[in-house]
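Structure assessment
Chain by chain, the residues run as shown.
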2 protein chains.
Amino acid sequence: MDAPLTLAAIGVIRSPFRQQEGTPICPAAAEPADGTVEVLPPYRGALQDLAGFERIWLLYWFDRARPFSPLVVPYRDTIKRGLFATRAPARPNPIGISAVRLVSVNLERGELEVQGLDVLDGTPLLDLKPYIPEFDAFPLSRAGWMDEARLGTHLADGRFER
Amino acid sequence: MDAPLTLAAIGVIRSPFRQQEGTPICPAAAEPADGTVEVLPPYRGALQDLAGFERIWLLYWFDRARPFSPLVVPYRDTIKRGLFATRAPARPNPIGISAVRLVSVNLERGELEVQGLDVLDGTPLLDLKPYIPEFDAFPLSRAGWMDEARLGTHLADGRFER
């Protein structure tokens, strides 16, 4: 369990957001920011059949996040919460997941148009997965402190920026 | 974009499944298999506030998966599909995500009881995130070939095992 596990970026996410301040904190809360996902040549063949999905999961590397802190004040609250009870980027393994709307897929150029981006421009892409409601959608799931969140914030500030 | 990104396991997932054959292919399809998530000491402080969430995302490393193939025959189909249009483990960065039901959290021992596991026993844990319907639940999202999947399979076979 001690051996390091290594990842390689399979592409990059292009968004209008250059800094954390002002970036939406989740895809659903985002003003639907259009963006592009650029997939590197060795991985483009794996994009086949993706176009039929309305949403896809982007898995990406929080490359500009602060290092891990066990307790953070999340955007929607005013007190410290356990990091694993938040979606803040200061994680031990800084991997983010976002379910974004898929608009189009260009197989040859490895380019996906997406909507609802909540990530910084230039974020390294780690994986793409189809959004499958049977696996992923639990609309009535109780959401702890978020269900009583003190703040209705939809935009980030700079608190997690390195 | 070429520098390797490194991860370290933050814990391990304990499940009843010793091999891919017979393991559920997703949490929703699983007979609710009880299991345990064991979190290593340096990360236990970050578990605070998690107990209020009905479901959590497990992010984990597919440590026994075959290497990347761009096209795979998924469990629910009989023809090849682009890997990124499937949840198969043979991914360039072998990271899995599963929304499991959270039963209990023991902060001191770093142990979470969960239900609906679809992962192999001993799988390295990379991250825990709260399941937040506002961010994650899109129950009516169109799901491409999966919406017309030829097979109703709920269990894996050995096809992606290394």
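The notes below deal with the structure included here. This structure is a prediction, so every number in the text was calculated from the model and none was measured. (Residues numbered from 1 in each chain as written. Chains lettered and ligands numbered in written order. Predicted model: local features only at pLDDT ≥ 70, side-chain atom pairs only at ≥ 80, totals over all residues.)

**A closer look at the overall build of chain A**
Helix and strand counts for chain A stand at two helices and nine strands. What you see for chain A is a C-alpha radius of gyration of 16 Å, in line with the 15 Å of a compact globule of 162 residues. In terms of overall dimensions, chain A has C-alpha extents of about 50 × 40 × 30 Å along its principal axes. Residues counted as buried form 52% of the 162 residues belonging to chain A. (Helix = DSSP H or I, 4+ residues; strand = E, 2+ residues; numbered from the N terminus. Rg over C-alpha atoms; globule rule 2.2 N^0.38 Å. Buried ≥ 20, exposed ≤ 12 C-beta atoms within 10 Å, placed from the backbone.)

**A look at the pairing of strand β7 (residues 95-106) of chain A**
Consecutive side chains along a regular strand alternate between the two faces of the sheet. All names here are of chain A. Of the pairings in the sheet, the one linking strand β4 (residues 55-61) to β7 comprises seven bridges and is antiparallel in character. From the neighbouring strand, L59 faces β7, where its bridge partner is I97. The pairing of β7 with strand β8 (residues 111-115) spans five bridges and is classified as antiparallel. Bridge assignment links R101 to a residue of β8, and that residue is Q115. (Pairing = 2+ DSSP bridges.)

**Re the nonpolar core**
Core analysis: the biggest nonpolar cluster contains 92 residues, and L58(A), L126(A), L58(B) and L126(B) have the highest contact counts within it. In this structure, L126(A) is in contact with L7(A), A9(A), I10(A), L59(A), Y60(A), W61(A), I95(A), N93(B) and I95(B), ignoring residues within four places of it in sequence. (Core = buried A, V, L, I, M, F, W, Y, C linked by C-beta atoms within 7 Å. Contact = placed C-beta atoms within 7 Å.)

**Remarks on the relation of the copies chain B and chain A**
Structural alignment of chain B on chain A gives an RMSD of 0.0 Å, achieved by rotating through 180 degrees and translating 0.0 Å along the axis. On the angle and the small slide along the axis, the relation comes out as a two-fold axis. Looking at chain B, 100% of its interface residues are interface residues in chain A too, so the copies touch through the same face. (Least-squares fit on C-alpha atoms with pLDDT ≥ 70 in both.)

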